[in-house]
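Now for the letters of each chain:
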Amino acid sequence: MTYTVNNKKLNNWVGEVARLCQPDSIYWCDGSKKEYDELMAGMVASGAATPLKQRPDCYLFRSDPSDVARTEERTYIATPTRDEAGPTNNWIDPNELKTTMTALYKGCMKGRRMYVIPFSMGPIRSPIAKIGVQLTDSPYVVCSMRIMTRMGEAVIGALGVDGDFIPCLHSVGAPLAEGQKDVPWPCAPMEKKYVSHFPQENLIWSFGSGYGGNALLGKKCLALRIASAMASREGWMAEHMLILRLKNPAGKQYHIAAAFPSACGKTNLAMMVPTIPGWKCETIGEDIAWMKIAPDGRLHAINPESGFFGVAPGTSYASNPMAMESVKKNTIFTNCALTDDGDVWWEGMDGAPPAHAIDWKDGHWTPANKTPAAHPNARFTVPASQCPVICSDWEKPEGVPIDIFIFGGRRSNVVPLVTEAFDWDHGVFWGATAASETTAAIVGEIGVLRRDPFAMTPFCGYNMADYFRHWLEMGDRLGNKAPRIFYVDWFRKSPDGRWLWPGFGENSRVLKWMCERVEGRAGAKTTPIGYLPTESDLDLTGLNIPEENLKQLLEVDIDEWRAEARSIEEFFAQFGARFPERLTRQLRNLEKRLG
Ligand code: SAT
Ligand code: MN
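Here we summarise the structure given alongside this text. The shown structure was predicted, so the numbers you read here are calculated from the model rather than taken from an experiment. (Residues numbered from 1 in each chain as written. Chains lettered and ligands numbered in written order. Predicted model: local features only at pLDDT ≥ 70, side-chain atom pairs only at ≥ 80, totals over all residues. Heavy atoms only, no water.)

Some remarks on the coordination of the manganese ion (ligand 2)
Looking at the manganese ion (ligand 2), one finds its protein donor set to be Lys220 (NZ), His240 (NE2) and Asp287 (OD), positioned 2.1 to 2.2 Å from the metal centre. Summarised as a motif, the one-chain spacing of the donors to the manganese ion (ligand 2) is K-x19-H-x46-D. Here the residue lysine 220 occupies a position in helix H8 (residues 218-234), and aspartate 287 occupies one in the loop between strand E14 (280-285) and strand E15 (289-293), the gap between them amounting to 67 residues. Of the two residues, lysine 220 and aspartate 287, both sit in the buried class. (Donors = N, O, S within 2.8 Å, 3.2 Å for Na, K, Ca; no water. Helix = DSSP H or I, 4+ residues; strand = E, 2+ residues; numbered from the N terminus. Buried < 20%, exposed > 50% of the residue type's maximum accessible area, 1.4 Å probe, protein only.)

Right under this line is the structure:
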């Protein structure tokens, strides 16, 4: 160890875990580039990582084929009673879960080194930031955490002698016997994987997976599940939202926070290049927002992370040029394909596919192959500071004031391009009823519609009905300083399966309308589901799309919406007595307006 730690809680805990997991050695991370380089060199030597000749300081990892995405069915919220976790979370009694997992952890780090990773979610010493310490036996996790969080010695300084932290225990769950050779991506079989949260104790235990959301415990586990439970107790918000700053040609700034489920374009929207002349977008975050009511009475947001963990397939100079520029150096790629000249490749990248590549399963691949070269949930992990449009205020400790909230998902039908809520409660109703067709970001069937309120279904660390109530109460506290709420769907399709809206940079047209609504300048028509722009309310200059598309994008089909209301009613029913009456009223009002 190169530094001294005199935080008693930390030293005790590290000792306790070491006795349980029995690693060969313990290593305290200092967070330096030298340390990162040495760990990477070790992983290159062992065959776990491949350096990329075409990109300086970039490495490719291939996961075990069973460990490619978050495993929601193995993710648990262990509250004292089942009711506190609510119907949308998997629940196990905390004592029972600890007994099961303690047995798994026993000796699980044999033959491996245990790394101690002190990290801060949010700028170190920011009043909104929280400190966590992750123990892990995966050097891939250490290197990824160095990109995704502020980690190392500086955090130990901020923690001090008696500072508190959130303990995050992680093991890949693959001990090595004496002389046993390691595999490139160690992990445990599905039935032994656990991603467990104990919100009453602010404690995280993860076992058996090396994949991002299951293993980088600062991200979904701490910054969303544990933080959302803390936020409801303490009166702030931890949300699955990107944060961006939009500037109009006069230089006026608008801050937008938007919630979409995983792999629905948050990263693309956060870095978009507006197609409307004079408008500019700057990135603050692409996945998580922590928000507090500031002394000015407005909601201020910070991005607790310091890196981007984005989906690679589909990312191109056409869809997200700023991401493409960001990943030119210092990037970890996972489950992308490797080209013969030593670069990464994935489906949807610009240009023709390579004539030959090594696919994510380490097999030979040519364009004639039926299977994709990159896994559909292949990822890049990159420092946020490398994004060419990162906002100069992205690390401001007090955050930026939010003007607009956007909810949405992937819906090929029913939902119009954009709708503005009538008021806060109506906006919360939109958030609570958000639905999306599933993607490869989670293990399971793709393309099935599921309700994903506030894009938080997999990330809410307590009863979702209480979470809805928390949103309603935040609105009461914010009053007329509350952000305006909109609902979007970039993913509408025609009956024959074509995209109706071009998306990406063209989404700036929709964002511009929102900003002008905030200013009271843009028009809208009142419909049963909210305020919608007419064609002439949107700036469509220079956009060449068929008249028929616009008509479909901006219309409300009453019959489809009556069916939607019935499906919402069924969805709400599962929450029982805890469900806020104010949202039931919203549903009744919608039904009335639909007639
Ligand atoms: O895989 S992660 O959970 O880290 C990313 C995501 O699914 O949003
Ligand atoms: Mn996410």
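Further notes follow.
Quick word on the sheet that holds strand E24 (residues 400-401)
Sheet architecture is open: four strands sit in the order E11-E15-E16-E24, paired in antiparallel fashion. Across the chains shown, the open sheet's two edge strands, defined by having one partner strand only, are strand E11 (237-239) and E24. The sheet contact formed by strand E16 (residues 299-302) and E24 spans two bridges and is antiparallel. Bridging from a neighbouring strand, histidine 300 pairs with proline 401 of E24. Set on the sheet, H8 makes contact with E11 and E15; between it and E11 the angle comes to about 155°. Docked against the sheet, helix H12 (residues 464-478) engages E11, E15 and E16, running at close to 125° with respect to E11. (Pairing = 2+ DSSP bridges. Contact = heavy atoms within 4.5 Å. Axes fitted to C-alpha atoms, helices over the stretch in contact; angles between N-to-C directions.)

Focus: the side chain of arginine 55
Note that arginine 55 resides in the loop between strand E2 (49-51) and strand E3 (59-61). Of the residues examined, arginine 55 reaches a relative accessible area of 10% and is grouped as buried. In this structure the side chain of arginine 55 is engaged in a polar contact, spanning 3.2 Å, whose partner is the backbone oxygen of valine 327. Once residues within four sequence positions are removed from consideration, arginine 55 is found in contact with Val327, Lys328, Phe333, Asp343, Val344 and Met349. (Polar contact = N/O pair within 3.5 Å; in protein donor to acceptor, adjacent residues only side chain to side chain.)

Concerning the pairing of strand E9 (residues 194-198)
Counting buried positions along E9 gives five out of five residues, so the element sits mostly inside the fold. Along E9, one buried face is formed by Tyr194, Ser196 and Phe198 and the opposite face, lined by Val195 and His197, is buried too. Pairing of strand E4 (residues 75-77) with E9, which is carried by three bridges, proceeds in the parallel orientation. Across the sheet, residue tyrosine 76 finds its bridge partner in E9, namely serine 196. Note that E9 and strand E10 (residues 203-207) share five bridges and pair antiparallel. Note on E10: the bridge partner recorded for phenylalanine 198 is leucine 203. Here E9 folds back onto E10 in antiparallel fashion, the turn holding four residues, of which asparagine 202 has a positive phi close to 50°.

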